Amino acid sequence: MTGPTNRPPRRSALLRTTTVVGAAVPLCLAGWFGWQAVSHDSPAGATAATGTAVASAVPGAAPPSTVTAPSTAATPAPGDTPSAATPPTTPPAAPPATPSDAPTPGTAASTALTGRTILLDPGHNPGNSSHTTEINRQVDIGNARKECDTTGTETDAGYTEADYTLDVSRRARAILTARGATVAFTQDGDRAWGPCIDERARAAADAHADVALSVHADGAPASGSGFHVIMPAKVVAGKADNSAIVEPSHRLGLLLRERFHAATGEPFADYIAENGLDTRSDLGGLNLSTVPKVFIECGNMRNPADAKRMTDPQWRQKAAEGIADALTAYLTSRG
C-alpha cells in the first residue's frame, strides 16, 4: 500500500519368523542357529531377514501416498489361481490433492490449534476489475469514507495481487488446518467481486474468530523492495472503536514480521514503514475490526526481484509457512 489510500488503484513393527526345528541337529549346527537368532535382534538384521520395508515418519513431511513392500510370495506356477485371501502388495494410491491446499513439508498434523478459529482475508478479488462501479462505492470506515475495494496491483508480466493473495491464503489454510485450526475466508474466489472493506472487517466477528490476518502485495515504485506489516492505530470515531484490539494486534504484528522474514528471507521494506512495521488509522479493515488483526504486504510486485520471488510457487509456500507460523505462535503463547 502506498500513501493514504486503502489500496493503489492499479497495483515395525518388524516381523520376525521363528522356525521350530523338530529334529535333532548336530551341535555345530545348533550353535550356528543360535548365532543367527542373536544377529537378527538388531534392526538391520531383522530387516534383512524379513525383507520388510520400514518407512520412517519424517517430522514435517507428508506421508507417501503409496508404500510398496517387496513381495516374498512364490510366483504361481502356470495354471495356478492366486488365493482370494492373498492381500494386495500395493495399497491403492490416494487421490491427488488440490495443489494450493496440499499438505507440504511443515504441515504435519497436530492438535496445537484445535478449538481455535482464524480468519484469513485474501486482499481484493480477481473479479473486481470487471465491477468497477460496485467497488468504487464509498463505505464508512469510522473516521472517513473510502472506496468499497480496489482492483489491487500486479507484476509487469500481469500476475495479479488478487491471484497471489488467494494462492498464499489457501496454502496457509492447509497448514493451519493440519494443525487443528478452523480457518474462514472473507472470499475464496467464489464471488463475483468484493467484499467491501467494512464487510471484510465484520467477517472475523461473524466467524467467531480468535484472530484475523489480511494478505496483500504492494504496488509501490519499482525501485522499492521488501515486505512490511501494517498494525492498527487506535481509532474511536463514528462506528469504529478498535481500542481493545490495538495491543494484541501489535503483538501479532511483531510475530508476523519475525516469522515471515525467517521463512522467506524477504528483507524489510526499504521504501515505507520502519524496520518492517507500519501503524495506520486509514484502513477500514483495521479500524472496524473487533478481533486482533494485521495486514501483511508480502513484497512489492512492481519491483523485479520481489516479483520474481512472488511468482515462484515454492516461495509462495514459504510465505504461507511464515504466516501460519506467526498465527500459531500468537495463539499458543501468552501475550
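Residues numbered from 1 in each chain as written. Predicted model: local features only at pLDDT ≥ 70, side-chain atom pairs only at ≥ 80, totals over all residues. Heavy atoms only, no water.

Undergrad: What's the story with the overall build of the protein chain in this structure? I'm lost.
TA: Helix and strand counts for the protein chain stand at 9 helices and 10 strands. Element-wise, carbon and sulfur atoms account for 57% of the exposed surface of the protein chain, whose accessible area totals about 16,700 Å². (Helix = DSSP H or I, 4+ residues; strand = E, 2+ residues; numbered from the N terminus. Areas by Shrake-Rupley, 256 points an atom, 1.4 Å probe, with all protein chains shown as cover.)

Undergrad: Sorry, what's going on with unusual backbone geometry here?
TA: The general pattern is negative phi for most residues beyond glycine and trans for most peptide bonds. The omega angle of the peptide bond from G194 to P195 is 10°, so this bond is cis rather than trans. Along the polypeptide, P195 turns up in the loop between β4 (182-185) and α5 (197-206). Unlike most non-glycine residues, H208 shows phi in positive territory, near 55°. Tracing the sequence through the fold places H208 in the loop between α5 and β5 (211-218). Positive phi, normally seen in glycine, also occurs at N275, with a value near 55°. Relative to the elements of secondary structure, N275 occurs in the loop between α6 (246-264) and β9 (277-280).

Undergrad: Got a minute to help me understand the environment of D282 in this structure?
TA: Positionally, D282 belongs in the loop between β9 and α7 (284-287). As for D282 and K146, which are separated by 136 residues in sequence, their C-alpha atoms are 8.8 Å apart. There is a polar contact of 2.9 Å between the side chain of D282 and the side chain of R280. (Polar contact = N/O pair within 3.5 Å; in protein donor to acceptor, adjacent residues only side chain to side chain.)

Undergrad: Would you mind showing me how to read the state of the cysteines here?
TA: Covalent bonding between the sulfur atoms of two cysteines defines a disulfide. Under the criterion given, the structure shown has 1 disulfide. Across the disulfide, C148 is cross-linked to C196 (sulfur-sulfur distance 2.0 Å). Measuring handedness by torsion sign, the sulfur bridge of C148 and C196 sits at about -95° and is left-handed. Taken together, the residues C148 in the loop between β3 (145-147) and α4 (161-178) and C196 in the loop between β4 and α5 connect sequence positions 48 residues apart. Per residue, the accessibility class of C148 equals that of C196, and both read buried. (Disulfide = S-S within 2.5 Å. Buried < 20%, exposed > 50% of the residue type's maximum accessible area, 1.4 Å probe, protein only.)

Undergrad: I'm lost on the pairing of strand β1 (residues 117-122) in this one. Help?
TA: Looking along a regular strand, one sees the side chains alternate between the two faces of the sheet. Of all 6 residues that make up β1, 6 are buried, and the element is covered over most of its length. Burial along β1 is two-sided: the face carrying T117, L119 and D121 and the face carrying I118, L120 and P122 are both buried. For β1 and β5, the ladder comprises 5 bridges, and the chain directions are parallel. Residue pairing across strands places I118 opposite V211, the latter belonging to β5. (Pairing = 2+ DSSP bridges.)

Undergrad: Would you mind going over the side chain of S214 with me for this structure?
TA: As for its position among the elements, S214 is in strand β5. In this structure S214 comes out as buried when scored by relative accessible area, which is 0%. In terms of polar contacts, S214 uses its side chain to reach the side chain of D121, at 2.9 Å. Apart from residues lying up to four places away in sequence, S214 is in contact with D121, K293, V294, F295 and I296. (Contact = heavy atoms within 4.5 Å.)

Undergrad: Any chance you could explain the packing of aromatic side chains here in plain terms?
TA: Two aromatic rings are characterised by how far apart their centres lie and by the angle between their planes. Scanning all chains against the criterion turns up 3 aromatic pairs. Through a chain of ring-to-ring contacts, three or more aromatic side chains come together here, namely F227, F260, F268 and W315. The ring of F185 carries the charged tip of R173 above its face, separated from the ring centre by 4.2 Å. (Phe/Tyr/Trp six-rings, centres within 6.5 Å; stacked < 30°, edge-to-face > 60°. Lys NZ or Arg CZ within 6 Å of the ring centre and 35° of its normal.)

Undergrad: Even after reading the chapter, I still don't get the nonpolar core, so can you show me in this structure?
TA: Soluble globular proteins tend to pack their nonpolar side chains together in the buried interior. The biggest cluster of nonpolar side chains holds 39 residues, and the ones touching the most others in it are Y164 and I323. Counting only elements with at least two residues in this core, the list comes to β1, α4, β4, β5, β6 (228-232), α6, β10 (293-300) and α9 (313-332). The element that contributes the greatest number of residues to this core is α9, accounting for 10 residues. Apart from the residues lying within four places of it in its own chain, the contact partners of Y164 are Y159, H216, A217, C298, M301, M310, W315, R316 and A319. The next biggest cluster of nonpolar side chains, apart from the first, holds 6 residues, and it includes L119, A204, A212 and V291. (Core = buried A, V, L, I, M, F, W, Y, C linked by side-chain atoms within 4.5 Å.)

Undergrad: Looking at this structure, how should I read the side chain of N287?
TA: With respect to the element layout, N287 can be found in helix α7. At a separation of 2.9 Å, a polar atom in the side chain of N287 contacts the main-chain carbonyl oxygen of S281.

Undergrad: Would you mind showing me how to read the confidence of the model for the protein chain here?
TA: Atom-level detail of predicted coordinates should not be read off regions where pLDDT is low. On average, residues of the protein chain score 78 in pLDDT, and 67% of them reach the 70 mark or higher. This model gives residues 2-108 a pLDDT under 50, and the stretch forms 102 contacts once residues within four places in sequence are excluded. (pLDDT = per-residue confidence, 0-100.)

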